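# Structural characterization, general
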Amino acid sequence: QVKLVESGGGVVLPGSSLRLSCEVSGFRFGNFATHWVRQAPGQAPEWLAVISSNGYRQEYLDSVEGRFTISRDNSRNTLFLQMNYLRPEDTAVYYCAKSNSFGVRGFFDYWGQGTRVTVSS
Amino acid sequence: DIQLTQSPSSLSASVGDRVSISCQASQDIMIYLNWFQQKPGKAPKLLIYDSSNLETGVSSRFRGSGSGTDFTLTITSLQPEDIATYYCQQYESLPYTFGQGTKVE
């Protein structure tokens, strides 16, 4: 069965960095693009970034481009999100989501349970 | 960016009621529109993809329709387990965006 498990969240100071991981199982990870989506408390989900199945193409939401980097290690079935220069408005639950396709255009057919990031002084 | 406007923002209904939620896009997104259900403390769950296709394992009481800029999610006979917040989401162009949600109570 498809499973995605995020880790790496926590409470950090503004300006700090965090690296989130998403370990997947139950499907051929290297065949599908994957996304990061976040959800601030009481808000709708917000798409952040996508990486193609082979890792060659990445796309970002404007407000995180240059601060966040999405990457993947297909040999370890793991997706990453490196987050630098964190701001209080980055406080949210961060989800990884599997795409239905190998390219950056696709929909989110499976989600992890999320990892909470709190940025506060 | 493509804006998605859902209506209503919340609704109250009884078991067995037919419930409809609207999602309007700020520009033509063809059929690249999905619907998600989210319960408190849980990740969103895909219900409908490409406007009208039922995701595997999802009850047939959920139906999606529409194309272009106007879309509708219908729950044909509301059940207690359908109490949740529903989001539409487009993937016609980046950045992928979500509607603001409709809470079904």
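Read on for an overview of the structure. Quantities reported herein were computed from a predicted structural model and do not represent experimental measurements.

One widely used convention gives an interface's size as the accessible area the parts lose upon coming together. Residue-level contacts link 21 residues of chain B with 20 residues of chain A. Buried surface at the junction of chain B and chain A, both sides included, amounts to about 1,600 Å², of which 66% is carbon and sulfur. When the buried area of chain B at its contact with chain A is split by residue, Leu94(B), Tyr96(B) and Phe98(B) rank highest and sum to 34% of it. Counting every contact that joins chain B to chain A gives 1 salt bridge. Residues Arg105(A) and Glu92(B) are paired through a salt bridge, measuring 3.7 Å at the closest nitrogen-oxygen approach. At the boundary of chain B with chain A, the tally comes to 7 residue pairs in polar contact (both at pLDDT 80 or more). Ranked by residues supplied to the side of chain B that touches chain A, first place goes to strand β4 (residues 33-38) of chain B with 3 residues. Taken together, the residues that form the side of chain B that touches chain A break down as 12 nonpolar, 5 polar and 4 charged.

Before going further, it helps to examine the packing of aromatic side chains. A complete count under the given rule lists 14 aromatic pairs over all chains for this structure. Ring centres of Phe27(A) and Phe32(A) lie 5.9 Å apart, and the angle between their planes is 70 degrees; this geometry places the pair in the edge-to-face category. Note on Phe27(A): relative accessible area 15%, which makes it buried. An angle of 70 degrees between the planes, with centres 5.8 Å apart, marks the rings of Phe107(A) and Tyr91(B) as edge-to-face. Note that Phe107(A) is positioned in the loop between β9 (92-99) and β10 (108-111) and Tyr91(B) in the loop between β9 (84-90) and β10 (97-98), a pairing that runs across two chains. For the pair shown, Phe107(A) and Tyr91(B) are each scored as buried. Ring-pair connections join several aromatic residues into one group, and the members of that group are Trp47(A), Phe107(A), Tyr32(B), Tyr49(B), Tyr91(B) and Tyr96(B). Above the plane of the ring of Phe80(A) lies Arg19(A), whose end atom (NZ or CZ) is 3.9 Å from the centre.

This brings us to the nonpolar core. Residues Trp36(A), Leu48(A), Leu81(A), Met83(A), Tyr94(A) and Phe108(A) are the most contacted members of the largest nonpolar core, which totals 44 residues. If you list the elements that add at least two residues to this core, you get β3 (18-25), β4 (34-39), β5 (46-51), β7 (68-73), β8 (78-83), β9, β10 and β11 (115-119) of chain A. Here this core gets 6 residues from one element, more than from any other, and that element is β9(A). The contact partners of Leu48(A), leaving out residues within four places of it in the chain, are Trp36(A), Val37(A), Arg38(A), Glu59(A), Tyr60(A), Leu61(A), Val64(A), Phe68(A), Leu81(A) and Tyr94(A). Core analysis: the second largest hydrophobic core is formed by 22 residues, Ile2(B), Ala25(B), Leu47(B) and Leu78(B) among them.

Let's shift gears to the pairing of β3(A). Residue and element names in this part refer to chain A. For strand β1 (residues 3-7) and β3, the ladder comprises 5 bridges, and the chain directions are antiparallel. In the sheet register, Lys3 faces β3, and the bridge partner there is Ser25. Of the pairings in the sheet, the one linking β3 to β8 comprises 6 bridges and is antiparallel in character. Its bridge partner lying in β8, Cys22 is registered against Leu79.

So, on to the pattern of salt bridges. Residue and element names in this part refer to chain A. Counting across every chain of the model gives 10 salt bridges over all chains. Put simply, Arg38 and Glu46 hold a salt bridge, and the shortest N to O gap is 2.8 Å. Between Arg67 and Asp90 there is a salt bridge, with its nearest N and O atoms 2.8 Å apart. Of this pair, Arg67 sits in the loop between β6 (58-60) and β7 while Asp90 is found in the loop between β8 and β9, placing the two residues 23 residues apart along the sequence. Per residue, the accessibility class of Arg67 equals that of Asp90, and both read buried. Each member of the salt-bridge network shares a partner with another, and the members are Arg38, Glu46, Arg67 and Asp90.

Residue and element names in this part refer to chain B. Pairing is antiparallel in the open sheet, where 4 strands are placed in the order β1-β3-β8-β7. One side of each edge strand has no neighbouring strand; the edge strands of this open sheet are β1 (4-7) and β7 (62-67). Sheet twist, expressed as the mean angle between neighbouring strand axes with direction ignored, is 15 degrees.

All names here are of chain A. As summarised here, the arrangement of the 4 strands in space is β1-β3-β8-β7, forming an open sheet in which the pairing is antiparallel. Each edge of the sheet is formed by a strand with only one pairing partner; in this case those strands are β1 and β7. Neighbouring strand axes in the sheet, compared pairwise and without regard to direction, differ in orientation by 15 degrees on average. Taken together, the 6 bridges between β7 and β8 define a ladder with antiparallel strand orientation. If you follow Asp73 over to β8, its bridge partner there is Thr78.

The rules behind the values
- Within any chain, residue numbers begin from 1 and follow the written order of that chain's sequence.
- Here every chain gets a letter starting at A, and every ligand a number starting at 1, in the order they are written.
- Totals for whole chains, interfaces and linings use every residue, but because this is a predicted model, local features are given only for residues with pLDDT of at least 70 and side-chain atom pairs only at 80 or more, for both listing and counting.
- By convention in this description, side-chain values take in all heavy atoms of the structure and omit both hydrogens and water.
- Should any heavy atoms of two residues lie within 4.5 Å, those residues are considered in contact.
- The quantity reported as buried area is the accessible area (1.4 Å probe) lost by two parts once they are put together, taken as the sum for both.
- Here, a salt bridge means any side-chain nitrogen of Lys or Arg that lies within 4 Å of a carboxyl oxygen of Asp or Glu.
- Each polar contact in these results corresponds to two N or O atoms within 3.5 Å; when the atoms are within protein, one needs to be able to donate a hydrogen and the other to accept it, and residues that are neighboring in sequence are counted only if both atoms are side-chain atoms.
- Comment: elements are numbered from the N terminus, with helices defined as DSSP H or I runs of at least four residues and strands as E runs of at least two.
- Amino acids outside the nonpolar list (Ala, Val, Leu, Ile, Met, Phe, Trp, Tyr, Cys, Pro) and the charged list (Asp, Glu, Lys, Arg) are all regarded as polar, and Gly is one of them.
- Put simply, two rings from Phe, Tyr or Trp (the six-membered ring, in Trp's case) pair if the centres are within 6.5 Å, and we call them stacked under 30 degrees between planes, edge-to-face over 60, tilted for the rest.
- When a residue's accessible area, from a 1.4 Å probe over protein chains only, is under 20% of the maximum for its type it is buried; when over 50% it is exposed; and in between it is partly exposed.
- In our convention, an over-ring charge means Lys NZ or Arg CZ found within 6 Å of a ring centre and within 35 degrees of that ring's normal.
- The definition of a nonpolar core used throughout is a set of buried Ala, Val, Leu, Ile, Met, Phe, Trp, Tyr and Cys residues joined through side-chain atoms within 4.5 Å.
- Strands are treated as partners if at least two bridges between them are detected by DSSP.
- Axis definition: a line fitted to C-alpha atoms, limited for helices to the stretch in contact. Angles are taken between N-to-C directions and run from 0 to 180 degrees.

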